[in-house]
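Per-entry structural report
For reference, the chains in residue letters:
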Amino acid sequence: MIMNHMPKKIVIIGAGAGGGISLSQLRRALSNEDVEITIIDQTGRTDFQPSYVFLALGEKKPEEISRDISQLNDSRVRAVKDTVISVDAANRVVKTSGGSYQYDYLIMSPGPSIDPSSLKGHEATHSVWTMEDSLRLRDAVKNFKGGNVLISVSTQWYKCPPVPWEMALLLDDYFRRKNIRDKVKITVAHPVSRPMEMYGPGLSEPFSKMLDDRNIEGIYGRRVSSVDAEKKRAIMDNGETVGFDLSIVAPPHLPPDFIKNNDDLRSPRGWAATNIRDFRNPKYEDVFAIGDVIAPTIQIGMAGVLAHFQADTVSSAIAEEIAGYPFMEYNKVAVCIIATGGSGVFSYCDLAGKLTDPKVKFPECRMIGNDPLFRFAHDLYEVNFLSSIYGSR
Ligand SMILES: Cc1cc2nc3c(=O)[nH]c(=O)nc-3n(C[C@H](O)[C@H](O)[C@H](O)COP(=O)(O)OP(=O)(O)OC[C@H]3O[C@@H](n4cnc5c(N)ncnc54)[C@H](O)[C@@H]3O)c2cc1C
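Residues numbered from 1 in each chain as written. Predicted model: local features only at pLDDT ≥ 70, side-chain atom pairs only at ≥ 80, totals over all residues. Heavy atoms only, no water.

**As for the side chain of Arg 375**
Structurally, Arg 375 is set in helix H11 (residues 372–390). Judged by relative accessible area, which is 12%, Arg 375 ranks as buried. Here Arg 375 is in contact with Phe 54, Glu 59, Ala 339, Gly 341, Gly 342, Ser 343 and Gly 344, once residues within four sequence places are set aside. (Helix = DSSP H or I, 4+ residues; strand = E, 2+ residues; numbered from the N terminus. Buried < 20%, exposed > 50% of the residue type's maximum accessible area, 1.4 Å probe, protein only. Contact = heavy atoms within 4.5 Å.)

Here it is, written out as structure tokens:
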């Protein structure tokens, strides 16, 4: 008798934090199984995005914080540089600009679509939210001789909520080292009512003090709605204007088109539909969504550490079905190192209450530091993240 045994096909959209960690966990958990894993990424890279801030300060180079996905190819893994344009969940097909891919399981971790063009006047601003923008900012920071620095956001959802304040602290340190701090005014303008409010008083209070001590100003309850590029003025959502000589504004972060335009994949909030037990799509059990693309759905900030723990759960759910691997419950915590210059702070948040009870406003967070050890730990995590996906390749 001839057995017609087909390998299980797993497709992963996005080779960033969620997709990359899912791949590394699946490779390990299914090492003895007949599986074919296809990972598709439009940039063809995995970046350690938390280090974009150091690219912008000229402290790191792109090749140190990024890997080419072609290094992932082996007998069971196919890495494809291409853009996903649609998912047909009923027929289990992912369509890209260059082809189509059948799956038994689909993990979607494409992050948001970052679209500067939907911010009028964006060409007068800088950003630290993509590698290319961080490199452009590096040149502007290097040539900056003094004046007003405005750091702000244009949408409520953007990658890594602490970044505006982290960037302010890093620039404060950078300009002090260049001996021009007295010629620079640094202002953070943000929709929350106090620094890091979204993490509750455990982070907000010590952070506010640190910003005061470092002479960093704040405009709260405001975000940038457009920019007068010629006059170098940000127009805030209440109509007020803020002039700048250098501005860093998080560009609009929007749901990716292939999710936004698909009734099967979209949640009522417009981002990917999911659940916080095993991250399956409510209608299609073989479709999973994790990472930044579900942050607005589950109402928690966009952070790599969350994508990482979600990837652990999703890959264990798939490995459980294929090989009886033990299911790993979602670890509802976040740990984060925020660089403050030569030092850093370590924060820990318990998200369980915030994720499960709509009455809970903030996660339970604490922080320790400022300490040079945590700045060092930030670098260690970069090495650990990239090598957990790419090994020594
Ligand atoms: C400056 C900065 C600092 C940060 N600092 C921290 C930090 O200290 N701690 C922390 O936890 N998080 C931090 N983050 C956030 C963290 O990097 C993200 O939350 C994390 O990368 C999200 O993982 P993800 O898999 O959802 O998306 P991503 O890592 O962004 O990966 C998505 C991938 O999908 C690809 N993709 C998108 N659309 C398509 C498509 N249609 N077809 C094919 N491929 C597609 C993209 O090219 C991308 O490679 C920071 C982010 C930035 C920008």
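**Section: the domain arrangement of the chain**
In terms of domain boundaries, the chain breaks down into domain 1 (8–112 + 255–329) and domain 2 (121–253). One C-alpha centre belongs to domain 1, the other to domain 2, and the line joining them spans 30 Å. Interface area for domain 1 against domain 2, summed over the two sides, is near 1800 Å², with a carbon-plus-sulfur share of 72%. It is Ala 56, Leu 57 and Met 302 in domain 1 that bury the most area against domain 2; as a group they hold 31% of the surface buried on that side. Our count for the contact surface shared by domain 1 and domain 2 stands at three salt bridges. Where Glu 132 meets Arg 45, a salt bridge forms, and the shortest distance between an N and an O atom there is 3.2 Å. (Domains from an automatic or database assignment. Buried area = accessible area lost by both parts, 1.4 Å probe. Salt bridge = Lys/Arg side-chain N within 4 Å of Asp/Glu carboxyl O.)

**Re the pattern of salt bridges**
Evaluated as defined, the whole model comprises 25 salt bridges. Glu 59 is the salt-bridge partner of Arg 177, the closest N and O atoms lying 3.3 Å from each other. Within this pair, whereas Arg 177 is found in helix H5 (residues 163–177), its partner Glu 59 is found in the loop between helix H2 (52–56) and helix H3 (62–65), the two being separated by 118 residues in sequence. Relative accessible area serves as the criterion here: at 36%, Glu 59 is assigned to the partly exposed category. In this structure, the salt-bridge partner of Asp 213 is Lys 209, at a minimum N-O distance of 2.9 Å. Of the two residues, Asp 213 and Lys 209 are both situated in helix H6 (residues 201–213); the distance of four residues between them amounts to about one turn of the helix.

**Points about the sheet that holds strand E8 (residues 100–102)**
One open sheet holds the three strands; their spatial order is E6-E7-E8, and the pairing between them is antiparallel. Edge positions in the sheet fall to strand E6 (84–88) and E8, since each of these pairs with one other strand and no more. Ignoring strand direction, the axes of neighbouring strands in this sheet form an average angle of 20 degrees. Here strand E7 (residues 93–96) pairs with E8 via three bridges, running antiparallel. In the strand pairing of E8, Val 94 is matched with Tyr 101. (Pairing = 2+ DSSP bridges. Axes fitted to C-alpha atoms, helices over the stretch in contact; angles between N-to-C directions.)

**Details of the packing of aromatic side chains**
Applying the stated criterion to the full structure yields seven aromatic pairs. Centre to centre, the rings of Tyr 174 and Phe 175 are 5.5 Å apart; their planes meet at 80 degrees, and the pair counts as edge-to-face. Each member of the pair, Tyr 174 as well as Phe 175, is classed as buried. Seen from their ring centres, Phe 346 and Phe 374 are 5.7 Å apart, and the 25 degrees between their planes marks the pair as stacked. (Phe/Tyr/Trp six-rings, centres within 6.5 Å; stacked < 30°, edge-to-face > 60°.)

**Focus: the state of the cysteines**
Summed over all chains, the structure comprises one disulfide. Note on cysteine connectivity: Cys 349 is disulfide-linked to Cys 365, with sulfurs 2.1 Å apart. Between Cys 349 and Cys 365, the disulfide has an S-S torsion of 110 degrees and is therefore right-handed. Highlighted residues: Cys 349 in strand E21 (residues 344–350) and Cys 365 in strand E22 (residues 364–371), separated in sequence by 16 residues. Taking relative accessible area as the criterion, Cys 349 reaches 4% and is therefore assigned buried. Its sulfur unpaired, Cys 160 is 5.2 Å from the next cysteine sulfur, which belongs to Cys 336. (Disulfide = S-S within 2.5 Å.)

**Structural notes on the sheet that holds strand E1 (residues 8–13)**
The pairing of strands in a sheet happens through backbone hydrogen bonds and is either parallel or antiparallel. Taken in spatial order, the five strands make up an open sheet running E5-E2-E1-E9-E19, and their pairing is parallel. One side of each edge strand has no neighbouring strand; the edge strands of this open sheet are strand E5 (77–81) and strand E19 (287–289). Looking at each pair of strands side by side, their axes are set apart by 15 degrees on average, direction ignored. Relative to strand E2 (residues 35–41), E1 runs parallel, the two being bridged by six bridges. Looking across to E2, one finds that Ile 12 is bridged to Ile 39. Helix H1 (residues 17–29) rests against E1, E2, E5 and strand E9 (105–108) of the sheet, and its axis sits at about 165 degrees to E2. Its contacts with the sheet put helix H9 (residues 304–323) on E1, E2, E9 and E19, and the angle it makes with E9 is roughly 175 degrees.

**Some words on the packing of H1 against H9**
At their nearest, the axes of H1 and H9 sit 8 Å apart, and the two run at 35 degrees to each other. Two packed elements cross with a definite hand, and for H1 against H9 that hand is right-handed. For the pair formed by H1 and H9, the contact residues are Ala 17, Gly 18, Ile 21, Ser 22, Gln 25, Leu 26 and Ala 29 on the first element and Gly 304, Ala 307, His 308, Ala 311, Asp 312, Ser 315, Ile 318 and Ala 319 on the second. Residues belonging to the contact of H1 with H9 are distributed by class as follows: eight nonpolar, six polar and one charged. (Left-handed = near helix turned anticlockwise from the far one by under 90°. Nonpolar A, V, L, I, M, F, W, Y, C, P; charged D, E, K, R; others polar.)

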